[in-house]
Structure formats: structure tokens, C-alpha cells
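Next come the chains, spelled out residue by residue.
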Amino acid sequence: MNNLLLSAVIATSFLSGQVSAAESDSPFAISIVSGMETYEDSPDSSLSKGVGLSLIWDDLRYDQTYKLDKNYFRVRGTYYYESNSENYDEDRYRDSMDMKFHYQRPFMNINDNANHTLSFFGHYEGHYNSQQLEEFEQLAVVGLGLNNRYGEVNHYDLGLTLGVAYSEEEKDDDWPREYKGITEDELNRRGFGYYFSWTNRYTFGHTGVQLAFDYNRYDGLWNYQDGKSYKFNRINMSVVVPLANNNNLLHFISQYIDRKSEQDLIGFDDVLYRVAVEYVHYF
């Protein structure tokens, strides 16, 4: 783990050294993240540490807000390497990947206020061998989003989205499941439901520091075979600190993920905790 962290620090220092005094408006960025994750009921067997590299295309910088009749693409692909992984999963690989794609187009101003918009959005996220118990998970959503900005110097941004979604989830077939005699077909979930997101951002105008709190919920309510069901609650909290300028950002991130299905698969609550530090450089 020390070697991984050292590599991340060296790469971060190199990118920081490329910083110029002028800021760019490029949507392309690269990030280096180092973090750990664990399950509350199984910290000894599930504690995982690693580093990751992300490629990012983001038409909406962290301190900006949506404007009418403009297309916004936010794409992020991440590769992780774990220095250690779940002890009781014989098939657990050290490599994992995440992919996120978000499209949003504001089509209406609310009360003729340019800072209050109603948007159409499409969202996709896929996780492969990520989040430990998940071998593969994907979520596709379409719906409407409401975004409001308040304040002149310091900004508070409120976002609400509601959509219909398709979810597919495949669990690892590790020892606890084999011990309970549950097959892979019984472990897997796929179906449709509703997706809700509530985002909060408070940005200090003089420093650019931002505090963020996000809540996401998926409820799988129909077309699940054999009486199955799936839902999750996900909470993200973060602090964004600009370094030199807004082309270089330091993120402090914590995440809570609570998953539920109609049966107890492994004998403890499926609640995952994550913490991470990330450096983001825009080109």
C-alpha cells in the first residue's frame, strides 16, 4: 500500500508542476484517487485499500450551474487496483472498473430565473468487480431534473432528479453464499424501478472551497422475476479544495451504500463504507 500511495503522490506532484497561472475551460481532466472501503459487519475480512486513475470529460465544472438550451455531458471512467481485497472471496480480482455517463439539457427556466432550470437527463453507471460484493452492477435512468442556484457571492446549488430506471446486479459467488447453498441465479437481480437524487452544493465565492452532500435512491418495483426485489440508498459527502486555480482540485470523499433485497444473502447487513482522497487536473 505504501508503494501505491507513493506512486500517487509522485504523479500528483508531476501534474501539479504542469500548472500555469492561467485557467483553462477544457472539459477534459485526469484524476488520481486513493481510498479504502469496508463493511460494518465484517471489517476484518472486507477491508480493502487501493488507488485508481480516472479519465474525465465534464462540461459542468464543480462550481458552475446549468444554463438553458445547452447540452451537458459528464463522463468518467475509472480503473482501480487494490492492494488487498475481500478475504473470503476466492475469485476476487485486484482490478476493478467504474463507468459513469450523465447527459443533461435544461429546456425551461422557472419563473424566468436563469439560475432555476428544468432539464431532461439521462444517466448510466456501471461497476465491474467493484464495491467488493458486487461482481457487476449497472443502472440506467431517464427523467427530469430541477436545478436551483441561490446567492451572489457564495452559491448554494440545489438539485432534484426523478426518473424511471433499469437495474442489473450480480453478486460474487464467494464462500458465504456457497455455504448457504444459494446459486448464482438466485443471487442476481434485474428489473425496473424509480430513481431519486437530491444534491446540495455550497461554494464559498472567495476561496472556491465547496461542501457537498448527495443522496441517491433506487427502488426496484416491477418486472423482478420470482418475487425478487432490489433497492439501494447511497450517500456521498465531499469537500472540494482548489489548488492554485480551478484546474487543480483536491477532493475529500466519504460514501455510504446500503443495499436491500427480499432475502438475506450473506448473514449481515449489506452496508458499505468508503473514504477517499482524489486529485483532479483539468488540461
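For the structure itself, consult the block above.
What you see is a predicted model; the values in this text were computed from it and never measured.

Turning to the environment of Lys49, a few remarks are in order. Turning to its location among the elements, Lys49 is positioned in strand E2 (residues 48–58). Look at Lys49 and you get partly exposed, because its relative accessible area is 27%. Between the C-alpha atoms of Lys49 and Val275, which are 226 residues apart in sequence, the distance is 9.9 Å.

On to the packing of aromatic side chains, then. Here the structure, examined in full by the defined rule, presents 16 aromatic pairs. Note on Tyr202 and Phe204: the rings are 5.1 Å apart at their centroids and 75° apart in plane angle, and the pair reads as edge-to-face. The class of Phe204 is partly exposed, set by a relative accessible area of 33%. By the ring-pair criterion, three or more aromatic residues cluster together here, those being Phe73, Phe101, Tyr103 and Phe120. Here the basic side chain of Arg61 rests over the ring of Tyr282, its NZ or CZ set 3.8 Å away from the ring centre.

This part takes up unusual backbone geometry. One non-glycine residue, Asp69, adopts positive backbone phi at about 60°. Topologically, Asp69 is positioned in the loop between E2 and strand E3 (72–84).

Structurally, Trp222 can be placed in strand E9 (residues 210–222). The class of Trp222 is partly exposed, set by a relative accessible area of 36%. For the pair Trp222 and Tyr166, spaced 56 residues apart in the sequence, the C-alpha separation amounts to 9.9 Å.

Turning next to the pattern of salt bridges. For the structure on display, the rule yields 16 salt bridges. Between Arg149 and Asp157 there is a salt bridge whose closest N-O contact spans 2.8 Å. This pair shows no difference in class: Arg149 is buried, exactly as Asp157 is. Several salt bridges share partner residues, and in doing so they unite Glu137, Glu169, Lys171, Arg259 and Asp270 into one network.

The next thing to look at is a nonpolar patch on the surface. Among the surface-exposed residues, Phe107, Met108, Phe120, Val142, Leu144, Val164, Phe192, Tyr194, Leu221 and Trp222 lie close enough to one another that they form a single nonpolar patch of about 920 Å² accessible area. Mapped onto the nonpolar patch, the elements with two or more residues apiece are strand E4 (95–110), strand E6 (134–150), strand E8 (189–203) and E9.

As a further point, take the pairing of strand E10 (residues 230–243). As defined by bridge partners, E9 adjoins E10 across ten bridges and the pair is classed as antiparallel. Along E10, the bridge assignment pairs Gln210 with Val240. Bridging between E10 and strand E11 (residues 245–261) involves 14 bridges; their strand directions are antiparallel. Of the residues in E11, the one forming a bridge with Leu243 is Asn245. Counting the residues in the hairpin turn of E10 and E11 gives one residue, including Ala244, whose phi is positive at 70°.

Before going further, it helps to examine the side chain of Gln138. Along the chain, Gln138 turns up in strand E6. Gln138 gets classed as buried once you look at its relative accessible area, which sits at 17%. Here Tyr124 takes part through its side chain, which lies 2.9 Å from a polar atom of the side chain of Gln138. Among the polar contacts listed, one links the side chain of Gln138 to the side chain of Glu168, at a separation of 2.8 Å. Those residues within four positions of Gln138 in sequence are excluded, and the remaining contacts are Tyr124, Glu125, Gly126, Tyr166, Ser167 and Glu168.

Quick notes on the rules
- Residues numbered from 1 in each chain as written.
- Predicted model: local features only at pLDDT ≥ 70, side-chain atom pairs only at ≥ 80, totals over all residues.
- Heavy atoms only, no water.
- Helix = DSSP H or I, 4+ residues; strand = E, 2+ residues; numbered from the N terminus.
- Buried < 20%, exposed > 50% of the residue type's maximum accessible area, 1.4 Å probe, protein only.
- Phe/Tyr/Trp six-rings, centres within 6.5 Å; stacked < 30°, edge-to-face > 60°.
- Lys NZ or Arg CZ within 6 Å of the ring centre and 35° of its normal.
- Salt bridge = Lys/Arg side-chain N within 4 Å of Asp/Glu carboxyl O.
- Patch = residues over 30% accessible without salt bridge, like charges linked within 9 Å, V, L, I, M, F, W, Y side chains within 5 Å.
- Areas by Shrake-Rupley, 256 points an atom, 1.4 Å probe, with all protein chains shown as cover.
- Pairing = 2+ DSSP bridges.
- Polar contact = N/O pair within 3.5 Å; in protein donor to acceptor, adjacent residues only side chain to side chain.
- Contact = heavy atoms within 4.5 Å.

Take it as geometry only, folks, not as evidence of what the structure does.
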